[in-house]
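Inside the fold
Residues per chain, in single letters:
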Amino acid sequence: MYQYTLAIHIIFVVSWMAGLFYIVRLFIYHTEANEKPEPERTILQKQFIIMESKLWNIITTPAMIIAVAAGMRMLQLNPGLLETDWMWVKLAFVAGLLIYHFICQNIISQLKRGRFWMTSTQLRLWNELATIFLVAIVFTVILKSAIDWLYGLLGLTVFAVIIMLAVKLYKRAREKQLK
Ligand code: HEM
């Protein structure tokens, strides 16, 4: 029973993360469509609204619910895990990922109403935040108590800085290209 639940947990964690990565890509293209002339802009943005709501309601949200439910079920079957520090660190990162999920849900409804409060570069940085959560959660749950928190946090910070620099460099190269 536990192993089956763990397998379901990992399958839907992967689907949830895939949905989160793809939805923000759609936000980026949806926002960049603003730079297009009419009628191209309206045609593109109407299409992105359809794609965003289908991805969100058919894949991302159901996957999140099943991943969390399977995780909770495993905690019910193995409550001893709640006496470990690594599970609480993991759940703290998961709480961050859930907040990230619901902010994305808010962005969907803002874009549907034609409100663009993040630039495409800000959205590219936002996209990388999901990567940082994924790296933090997987290292915590695989290394468990063997993890060295100091090196772990240091590694995560360096990883975050490298990712943000990469996005900035990409933006500069793209601007040069468009000139
Ligand atoms: C509220 C949400 C979640 C809960 C309650 C939860 C709980 C759990 C539990 C109890 C296990 C089994 C640990 C063990 O038996 O050693 C587990 C395994 C795992 N979880 Fe989660 N989890 C949650 C969300 C996530 C998320 C968001 C990710 C990744 C982004 C994730 C990735 C994993 C992985 C990779 C394993 C397998 C670890 C192993 O095989 O040693 N979990 N989770």
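Presented here is an overview of the structure given in this document. Everything numeric here is computed off the predicted structure, so don't read it as measured data.

This brings us to unusual backbone geometry. In this model, Glu38 is joined to Pro39 through a cis peptide bond whose omega is 0°. Along the chain, Pro39 turns up in the loop between α1 (2-32) and α2 (40-77).

This part is about the coordination of the iron atom of the ligand. Protein-derived ligands of the iron atom of the ligand are His9 (NE2) and Lys90 (NZ), with the metal-ligand distances lying across 1.7 to 2.1 Å. Because the angles between the 6 donor atoms bound to the iron atom of the ligand fall within 84 to 178°, the donor set is best described as octahedral. On the criterion of sequence distance, the pair formed by His9 in helix α1 and Lys90 in helix α3 (residues 85-112) is long-range, its members being 81 residues apart. Residue His9 shares its accessibility class with Lys90, and that shared class is buried.

Near the ligand, the surroundings consist of 22 residues, among which Tyr2, His9, Val13, Lys90 and Lys144 are the closest. At a separation of 2.8 Å, a nitrogen atom of the ligand approaches a polar side-chain atom of His9. Within the side chain of Lys90, an N or O atom sits 2.5 Å from a nitrogen atom of the ligand. Contributing elements (two or more residues each) for the shell around the ligand: α1, α2, α3 and α4 (120-143). Of the residues forming the shell around the ligand, the biggest block, 6 residues, is contributed by α1. Class assignment of the residues belonging to the shell around the ligand gives a composition of 18 nonpolar, 2 polar and 2 charged.

Tracing the chain through its elements places Thr60 in helix α2. For Thr60, a relative accessible area of 0% corresponds to the buried category. The residues touching Thr60, leaving out its near neighbours within four places in the chain, are Trp16, Gly19, Leu20, Leu55 and His101.

Let's shift gears to the packing of α1 against α4. Contact geometry for α1 and α4: axes closest at 9 Å, N-to-C directions at 175°. Comparing the axis directions of α1 and α4 gives the class roughly antiparallel. Touching Met17, Leu20, Phe21, Val24, Arg25, Phe27, Ile28, Thr31 and Glu32 of α1 are Ser120, Leu123, Arg124, Trp126, Asn127, Ala130, Thr131 and Leu134, all from α4. Here the contact of α1 with α4 is built from residues that sort into 10 nonpolar, 4 polar and 3 charged.

Turning next to the packing of aromatic side chains. Each aromatic ring pair is described using two quantities: the centre-to-centre distance and the angle formed by the ring planes. All told, the structure shown has 2 aromatic pairs when counted by the stated rule. Ring geometry for Tyr100 and Trp126: centres 4.4 Å apart, planes at 15°, overall stacked. Placement of Tyr100 in helix α3 and of Trp126 in helix α4 is noted, with a sequence separation of 26 residues between them. A relative accessible area of 2% means that Tyr100 is categorised as buried. By relative accessible area, Trp126 is classed as buried at 14%. Centroid distance Tyr100 to Phe133: 6.5 Å. Interplanar angle 70°. Geometry classified as edge-to-face. Here Tyr100 is found in helix α3, whereas its partner Phe133 is found in helix α4, with 33 residues between them in sequence. Accessibility classification places Tyr100 together with Phe133 in one group, the buried group. Cluster of aromatic residues (ring-pair linked, three or more members): Tyr100, Trp126 and Phe133.

About the cut-offs
Residues numbered from 1 in each chain as written. Predicted model: local features only at pLDDT ≥ 70, side-chain atom pairs only at ≥ 80, totals over all residues. Heavy atoms only, no water. Helix = DSSP H or I, 4+ residues; strand = E, 2+ residues; numbered from the N terminus. Donors = N, O, S within 2.8 Å, 3.2 Å for Na, K, Ca; no water. Tetrahedral: all angles 85-135°; square planar, octahedral: opposite > 155°, others 65-115°. Buried < 20%, exposed > 50% of the residue type's maximum accessible area, 1.4 Å probe, protein only. Near = heavy atom within 4 Å. Polar contact = N/O pair within 3.5 Å; in protein donor to acceptor, adjacent residues only side chain to side chain. Nonpolar A, V, L, I, M, F, W, Y, C, P; charged D, E, K, R; others polar. Contact = heavy atoms within 4.5 Å. Axes fitted to C-alpha atoms, helices over the stretch in contact; angles between N-to-C directions. Parallel < 35°, antiparallel > 145°, perpendicular 65-115°, else oblique. Phe/Tyr/Trp six-rings, centres within 6.5 Å; stacked < 30°, edge-to-face > 60°.

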